[in-house]
Amino acid sequence: MLQTQVISYLLFDLFIILAAGFISGVFCRGFRLPAVIGYLLIGALIGNGGLDILHLGVSSGSEKLVDDEVISSTLLMESDNSDNNDHSLESAIKGGDIDDEVLSKGVAVEAEHILLDHLAHLGANLLLFAIGLHFSPSELVKLWKYFLVGGVIQMFGVIGFVIFFIVLFGGDWKLGLMLGSAISLSSTVLVFKSLEDMGQAASASGVRAIAILLFQDVAVVPLLVVIGILAALAAGVSGGVDVVPSSLSAFLGLGVDPRSQLLSLGAGSVVFIIIVIFLRFIFVRYGAPYISGLRSVELLVLFTMVLLIGVSWVSFLLGLPGALGALAAGVILSETRLTAQVTAVTISLRETFAAIFFVSLGALFDPSILFDKPFVVLGAFAGCLFVKTFCAAVAFRVLGLDLISSFAMGLGLSQLGELSFVLLSNGLSVGLISRDVYQCVLFVALTSIILTPLFLNFAIRVIPAQIHDADADNAGGDDRFLGQVKRKAVVAGLGPIGGQVAAYLESSGFDVGLIDMNPVNLHPFAQHGFRTIAGNAADEATLKLIDAHNSTLIVVAIPDDLLVFEVIEIARKLNNHCLLISRCRFKDNRERLIKRGADIVICGETELGNSMIKAVKKLL
């Protein structure tokens, strides 16, 4: 009976979350907004602080009749078959203290919430897996200075500011360290996706921003251990409140005191790095060629899931966060012949669980905190925005960007990230922060994430154009951009034809920008340093973002003639001096495209006919 209730409640919640995510996604699509904003907003709408739709699947009030401690203890009892636990539970029910039906429903609701929470964390891990796929060891070596210098300045600056303000107003330094750690993290997923959609992921400012974000992701590992140590100090005991020894700690005979935790972290990190390096070597040398030769999408998906779950499991055994395992699994699969295929076959799974993750985050927010303490909440939001912007701007300035660009990109990194919620949840569970503080920071996180696209759009528009030139980027010491030249080209449509043209232009010395509706088509080109934007080439704003108005060549390789008409007309309106080459399917449309502004039109019917005539001539 209990199992049936748990499944029923879980399916209902998943149905509501995914349906709400779909509706918000459609809404955001219409207004050209990132889907994550819709997920967070609709999550807050259907959550406990809003319409509370998620509880409609449960009999009214049944889950509220049982104290949380009773439910938790009952769940522990059900996992233990000892006679004492059975006797205690039976006595409580017979004594009338707990109604057995109400208890059963309460336990089912609690179990369902636990399962849903694990699904949400799986969504976060899949997002980090996708981040790992976009980067490779060779890429990280190129970014080592940005990674270390920029990341240290940004993170330690934010943590230092937060500790100072907390202590200044009479708070505990341990609370300041906890909050500073959570606030210092930014949204890698949202910022990277926004930069990639805007065609700025490979720009000088974009590369520096991504390097800082990667440092934050890696820094989560020691921060999680620090939380456990802080919990031990706050509790006044050697073992802490919720500090549980890992399998590695037990194997080495270490305890749960702070010193043992640090030793366990160091040993686990070294072992994990060795395992990841070994797995990547084996996969690149033997695994990728073998799996590629199988030519089976099903086997590729199964292998990807085995690797993802396996590496995450190893990280748990070593006392490290599972999120780090997911990131490492992506790095193992990156920069190989299978990377683009893995991205394509996992994108649907990743987007589904990402929706569950972000909608669930929005559902956790209780807006009553905004009405009860408006000045405190708004003050915290303004303070976090200022501190994060300032510290990131200092980091960007040290890394070679000019003052305006530094503050603009600093504003783009001013939001709180997905991993901030992981740290906050851990801090709440071990008693380092109160529920009011948790809700306050949750408001700051949700609001800043929602405003991130606006901040990044503003940043890209105010950054001087010369920041993408070789001379400007050479100040940072990265030779990634030394090969860029003044000639710029834009290719719209990345099918087989557009891809060949883009590769040829790049090898001929052009700075090539690519536009396509499908992000999967853009992914392998973005990895190789192309400027890419996922969007409609017939949109004037998209063409401006890819710098079509400053390009010397625009190639339209879209197979849809009707869409080509729109692209040609808008492109010629933006740039009247470039060479405009277009593809068309039907011969009758050739003259119409030339009238719209195309300089050269390659007609599919004509070229195919000529090729067939040549083939026939060889037979005669």
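A brief structural summary. As the structure is a computational prediction, the values presented were derived from the model and not from experiment.

This part is about the overall build of the chain. When helices and strands are tallied, the chain shows 27 helices and 6 strands. Burial status across the chain gives 50% buried among its 620 residues. Pairs at least 24 residues apart make up 71% of the contacts formed inside the chain by residues separated by at least 6 positions. With an accessible surface of roughly 29400 Å², the chain has 65% of that area assigned to carbon and sulfur atoms.

Let's shift gears to the sheet that holds strand E4 (residues 553-556). The strand order E3-E2-E1-E4-E5-E6 describes an open sheet built from 6 strands, whose pairing is parallel. In this open sheet, the two strands that pair with only one neighbour each are strand E3 (531-534) and strand E6 (600-603). In this sheet, adjacent strand axes meet at a mean angle of 15° when their direction is disregarded. Where E4 and strand E5 (residues 579-584) come together, 4 bridges link them in parallel fashion. From the neighbouring strand, valine 555 faces E5, where its bridge partner is isoleucine 581. Relative to the sheet, helix H22 (residues 496-507) contacts strand E1 (488-492), strand E2 (511-516), E4 and E5, its axis offset from that of E1 by approximately 170°. Across the sheet, helix H27 (residues 604-619) is in contact with E5 and E6; its angle to E6 comes to roughly 55°.

Applying the stated criterion across every chain yields a total of 8 aromatic pairs. On the basis of an interplanar angle of 70° and a centroid distance of 5.6 Å, the ring pair of phenylalanine 164 and phenylalanine 165 is categorised as edge-to-face. Residue phenylalanine 165 is classed as partly exposed on the basis of its relative accessible area of 37%. An angle of 85° between the planes, with centres 5.4 Å apart, marks the rings of phenylalanine 525 and phenylalanine 530 as edge-to-face. For phenylalanine 530, a relative accessible area of 10% corresponds to the buried category. In this structure an aromatic cluster arises from ring pairing among Phe161, Phe164, Phe165, Phe386 and Phe390.

Quick look at the pattern of salt bridges now. Per the stated rule, a full pass over the model turns up 8 salt bridges. We note a salt bridge from aspartate 172 to lysine 174, for which the minimum N-O separation is 3.0 Å. Across the salt bridge formed by arginine 596 and glutamate 569, the nearest N and O atoms sit 3.3 Å from each other. On the criterion of sequence distance, the pair formed by arginine 596 in helix H26 (residues 590-596) and glutamate 569 in helix H25 (residues 561-574) is long-range, its members being 27 residues apart. On the accessibility criterion, arginine 596 (33% relative accessible area) is partly exposed. The exposure class assigned to glutamate 569 is partly exposed, which follows from its relative accessible area of 44%.

A separate point is the environment of glycine 410. Positionally, glycine 410 belongs in helix H18 (residues 403-412). Overall, glycine 410 belongs to the buried group, its relative accessible area being 0%. In this structure, the C-alpha to C-alpha distance between glycine 410 and leucine 456, residues 46 residues apart in sequence, is 9.4 Å. With sequence-adjacent residues up to four places away left out, glycine 410 is seen in contact with Lys388, Thr389, Ala392, Ala393 and Phe396.

Residues Leu580, Ser582 and Cys584 line the buried face of E5, whereas the alternating positions Leu579, Ile581 and Arg583 sit on a face that is not buried. In the classification by handedness, the crossover that spans E4, the intervening H25 and the parallel E5 is right-handed. In this structure, E5 lies alongside E6, joined through 4 bridges in parallel fashion. Pairing of serine 582 across the sheet is with valine 601, part of E6. This β-α-β element, E5 to H26 to E6, shows right-handed connectivity.

Reading guide: rules and limits
Residues numbered from 1 in each chain as written. Predicted model: local features only at pLDDT ≥ 70, side-chain atom pairs only at ≥ 80, totals over all residues. Heavy atoms only, no water. Helix = DSSP H or I, 4+ residues; strand = E, 2+ residues; numbered from the N terminus. Buried < 20%, exposed > 50% of the residue type's maximum accessible area, 1.4 Å probe, protein only. Contact = heavy atoms within 4.5 Å. Areas by Shrake-Rupley, 256 points an atom, 1.4 Å probe, with all protein chains shown as cover. Pairing = 2+ DSSP bridges. Axes fitted to C-alpha atoms, helices over the stretch in contact; angles between N-to-C directions. Phe/Tyr/Trp six-rings, centres within 6.5 Å; stacked < 30°, edge-to-face > 60°. Salt bridge = Lys/Arg side-chain N within 4 Å of Asp/Glu carboxyl O. Right-handed = clockwise from strand over helix to strand, strands pointing away.

It is worth stressing that arrangement in space is one thing and function is another; only the former is reported here.
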